[in-house]
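Fold and geometry: a report
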Amino acid sequence: MPDSQPQPPHSSSSSSGSSSSSGSSGSPGSSGRVGDPAALLLCGARLTDGRTVDVRLSGGRIEAVGTAGSLAAGGARDCGMRVDLSGYLLLPAPAEPHTHGDTALSAEDDGPASYEPQDVQRRATEAALLQLGHGATALRAHVRVGDVQGLGALGAVLQARRSLRGLTELTAVAMPRMLTGVAGADGLAMLRDALKMGASVVGGCPDLDPDPTGYVEAVLEVASEHGCPVDLHTDAADPARLARIVAMAGGLRPGVTLGPCGGLGRLPAETARRTADQLAAAGVTVVCLPQGGCGGTDRRDTAPVRLLRAAGVRLAAGSGALRDMSNPVGRGDPLEAAYLLSSRYGLRPEDSYDAVSSSARSVMGLPEVRVEAGFPAELLALRGDRLAGALSLAYSRIVVHRGRVVARTSAVREYCNSAAAAELGLPRQGRGELS
């Protein structure tokens, strides 16, 4: 099944060629049920420390981790489903801290993107399933409120969230356009209504308001009233304005996130270092977008990730636009974001993956995940045995959410017969012969 056509859950397990599917079925090597039908045993998975282990999941959590073969004969505590992960690297699942649910997949529409609720819900659902197939079991979707669409787009994204329950976790960020002046009064009322509807994060783009400082003050006031986190779009190209935002946001709980902050990379080196130190001191998180920009900003630069990390700023990475007008080829793949952090910006593969997994989950207020007993069973298995190789060529993926397999993508590469391959003993994949 092509990536652009994700399917809802189904119970059968089949895969040939390249495919992606969602459901509670196993994967290569699944066996029949024995014991607890709600439990799952992942067999022979490789961890980043080099160990090969079995992992038993139950009740949405990791129940046990043992050496390969040690959990396979658990008697009465044996698992209901076994999944053979031989040849797979097992990792904490990524999370997506920056996506746009209302505009995703709208680049191919004729004319402007439709904000009819049924169109937004369809696109938001399909986008979430695409990103689930890539491995993201939690998403934070920024949604515009006010203007022509009012609260309709938000309502549609919240309906998509309800339909996706059990497959992925979707949270909504309310993004009003104006919050100051005469027009801002309507924006403030709309923002409060959005939170009552079910948006759980206060967002927006102060750069687009005539009074950016006043905009941030209004956002922080509403967030404080409702006990919500804040997630703002800013290019961060004006260091004085950013310093004011940081001064106001410092210490706010449950926290303030800024992104994509590409303008920081265009500042003079000393100014950028000073600004990074201010962000770190205030405890503000930066979400960068290595794959490109998004509809919340006009520029496509990426924040200076190494500078921010050196200053102690908590850094996460998101995907931004997913095939909308601001990035018609956006893929929404957290592994691509991690790959770019390593290949383009020089981060170690471990740090790059942390930016799309552990750090992204922390930004979103989600519990930590480790492949250890007691942690949430939010996992991603990638075909490969080393993280660097997986970030480069991880086409085959198995996604676990709340302790069950919810998506699987299988890739098979075939080559025609050749004397060179036979002489060198090169590996081949595939079941047939190509002529």
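Residues numbered from 1 in each chain as written. Predicted model: local features only at pLDDT ≥ 70, side-chain atom pairs only at ≥ 80, totals over all residues. Heavy atoms only, no water.

**Considering the overall build of the protein**
Threshold: Put simply, DSSP marks the helices as runs of H or I at least four residues long and the strands as runs of E at least two long, and each gets a number from the N terminus on. For each residue, the accessible area found with a 1.4 Å probe, counting protein chains only, is set against the maximum for its type, and the residue is called buried under 20%, exposed over 50%, and partly exposed in between. Contact between two residues is taken to exist if any of their heavy atoms lie within 4.5 Å; hydrogens are not considered. Each accessible area is a Shrake-Rupley estimate made with a 1.4 Å probe; only the visible protein chains count as cover when residues are assessed.
Assigned secondary structure in the protein consists of 12 helices and 17 strands. A burial count over the protein gives 52% of its 435 residues as buried. Sequence separation of 24 or more characterises 72% of the internal contacts of the protein that already satisfy a separation of 6 or more. Entry remark: accessible area of the protein is about 18100 Å², with carbon and sulfur atoms responsible for 51%.

**Focus on empty space enclosed by the protein**
Rules: Note on definitions: the grid is 1 Å and covers protein atoms alone; a cavity is a set of points where a 1.4 Å probe fits but cannot get out; a pocket is an open set with protein on both sides within 12 Å along at least five of seven lines; lining residues have an atom within 4 Å of a point. Grid points are joined across faces, edges and corners, and a volume is the space filled by probe spheres set on the points.
Scanning the model with the defined rule gives 1 cavity of 30 Å³ or more in all. In this structure, the largest cavity encloses a volume near 50 Å³. Along the walls of the largest cavity sit Thr99, Gly101, Ala124, Ala127, Ala128, Gln131, Leu139, Ala141 and Leu170, which together make up its complete lining. Among the secondary structure elements, those contributing two or more residues to the lining of the largest cavity are helix H1 (117-134) and strand S8 (138-145). Of all the elements, H1 adds the most residues to the lining of the largest cavity, at 4 residues.

**Some words on the packing of helix H4 (residues 212-226) against helix H5 (residues 239-249)**
In plain terms, the rule: In this analysis, axes come from line fits to C-alpha atoms, helices being fitted only over the stretch in contact, and the angle between any two N-to-C directions falls in the range 0 to 180 degrees. In what follows, roughly perpendicular refers to angles from 65 to 115 degrees, roughly parallel to angles under 35, roughly antiparallel to angles over 145, and oblique to any angle outside these ranges. Helix crossings get a hand from a simple test, with the near helix turned counterclockwise from the far one by less than a right angle marking a left-handed crossing and a clockwise turn marking a right-handed one. Lys, Arg, Asp and Glu make up the charged group, whereas Ala, Val, Leu, Ile, Met, Phe, Trp, Tyr, Cys and Pro make up the nonpolar group; the residues left over, Gly among them, are polar.
Interaxial distance between H4 and H5 falls to 10 Å at its minimum, and their mutual angle equals 20°. Our classification of the angle between H4 and H5 gives roughly parallel. H5 is crossed by H4, and the crossing has right-handed handedness. The residues of H5 that touch H4, namely those facing Pro212, Thr213, Val216, Glu217 and Leu220, are Arg241, Arg244, Ile245, Met248 and Ala249. Class assignment of the residues belonging to the contact of H4 with H5 gives a composition of 6 nonpolar, 1 polar and 3 charged.

**Here's the deal with H1**
At 3.6 residues per turn, the α-helix brings residues three or four places apart onto the same side. Worth spelling out the cut-off: Between the first and last residue of a helix there are one fewer steps than residues, each counted as 1.5 Å, and that sum is the expected span.
Along its 18 residues, H1 runs 26 Å from first to last C-alpha, staying within 8% of the 26 Å computed at 1.5 Å per residue. Most of H1 sits out of view: 13 of its 18 residues are buried. Gly135, located one to two residues past H1, shows a positive phi value of around 130°.

**With respect to the nonpolar core**
Note the threshold: Within this scheme, the nonpolar core is defined by two criteria: the residues are buried Ala, Val, Leu, Ile, Met, Phe, Trp, Tyr or Cys, and they are joined through side-chain atoms within 4.5 Å.
In this structure, Leu154, Leu258, Leu279 and Leu308 are the most contacted members of the largest nonpolar core, which totals 80 residues. Looking at which element gives the most residues to this core, the answer is H4, with 7 residues. Not counting residues within four places of it along the chain, the set of residues in contact with Leu279 comprises Val246, Leu258, Leu264, Val284, Val286, Leu308 and Val313. Within the second largest apolar cluster, 21 residues are counted, among which are Leu40, Val53, Ala377 and Val405.

**Overview of the sheet that holds strand S10 (residues 201-204)**
Rules: The pairing criterion is simple: DSSP has to find at least two bridges between the two strands.
The parallel open sheet is built from 8 strands, whose spatial order is S7-S8-S9-S10-S11-S12-S13-S14. Strands at the two margins of the open sheet, each flanked by one partner only, are strand S7 (96-99) and strand S14 (315-317). Going across the sheet, the axis of each strand differs from the next one's by a mean of 25°, ignoring polarity.

**A word on the pattern of salt bridges**
The cut-off we apply is this: We count a salt bridge whenever a side-chain nitrogen from Lys or Arg sits within 4 Å of a carboxyl oxygen from Asp or Glu.
A full pass over the atoms with the stated rule returns 16 salt bridges. Of the charged contacts, one joins Arg348 and Asp351 as a salt bridge, the two residues approaching to 3.2 Å between their closest N and O atoms. Across the salt bridge formed by Arg370 and Glu372, the nearest N and O atoms sit 3.9 Å from each other. Overall, the relative accessible area of 37% leaves Arg370 in the partly exposed class. Given the relative accessible area of 37%, Glu372 is considered partly exposed. Here the residues in one salt-bridge network are Arg309, Arg348, Glu350 and Asp351, joined through shared partners.

**Some details on the pairing of S7**
A regular strand places its side chains on the two faces of the sheet in alternate fashion. For the record, the criterion: The path from the first strand over the helix to the second decides the hand: if it runs clockwise while the strands point away from the viewer, the crossover is right-handed.
As paired elements, S7 and S8 share 2 bridges and run parallel to each other. Residue pairing in the sheet places Thr99 in a bridge with Ala141 of S8. Handedness of the crossover joining S7 and S8 through H1: right-handed.

**Concerning the environment of Asp54**
As a reminder of what qualifies: As used in this structure description, the phrase polar contact means that two N or O atoms lie within 3.5 Å; if the pair is within protein, one of them must be able to donate a hydrogen and the other to accept it, and residues adjacent in sequence are counted only when both atoms belong to side chains.
Counting through the fold element by element, Asp54 comes out in strand S3 (residues 52-58). Exposure remark for Asp54: the relative accessible area of 2% places this residue in the buried category. Along the sequence, Asp54 and Gly66 sit 12 residues apart, while their C-alpha atoms lie 5.4 Å from each other. Here Gly44 takes part through its backbone nitrogen, which lies 2.9 Å from a polar atom of the side chain of Asp54.

**A word on the pairing of strand S16 (residues 397-401)**
When you tally the buried positions in S16, you get 5 out of 5 residues, the bulk of the element. The alternating pattern of S16 places Arg397, Val399 and His401 and Ile398 and Val400 on opposite faces, both of which are buried. Pairing between strand S15 (residues 379-383) and S16: 4 bridges, direction antiparallel. Pairing of Leu382 across the sheet is with Arg397, part of S16.

**Some points on unusual backbone geometry**
Among all residues save glycine, negative phi is the norm, and among peptide bonds the norm is trans. Note that the residue after Gly259, namely Pro260, is joined by a cis bond; omega there is 0°. Position of Pro260 relative to the elements: it lies in strand S12 (residues 256-260). Phi at Cys261 is positive, roughly 60°, even though this residue is not glycine. Its location among the elements puts Cys261 in the loop between S12 and helix H6 (269-282). The phi torsion at Arg402 lies on the positive side, around 55°, for a residue other than glycine. Relative to the helices and strands, Arg402 resides in the loop between S16 and strand S17 (404-410).

**Topic: the packing of H5 against H6**
Contact geometry of H5 with H6 gives a least axis separation of 10 Å together with a crossing angle of 10°. Of the possible angle classes, the one that applies to H5 and H6 is roughly parallel. When H5 is examined against H6, the residues Pro239, Leu242, Ala243 and Val246 are found in contact with a partner set consisting of Thr271, Thr275, Gln278, Leu279 and Ala282. In terms of residue class, the contact of H5 with H6 is made up of 6 nonpolar, 3 polar and no charged.

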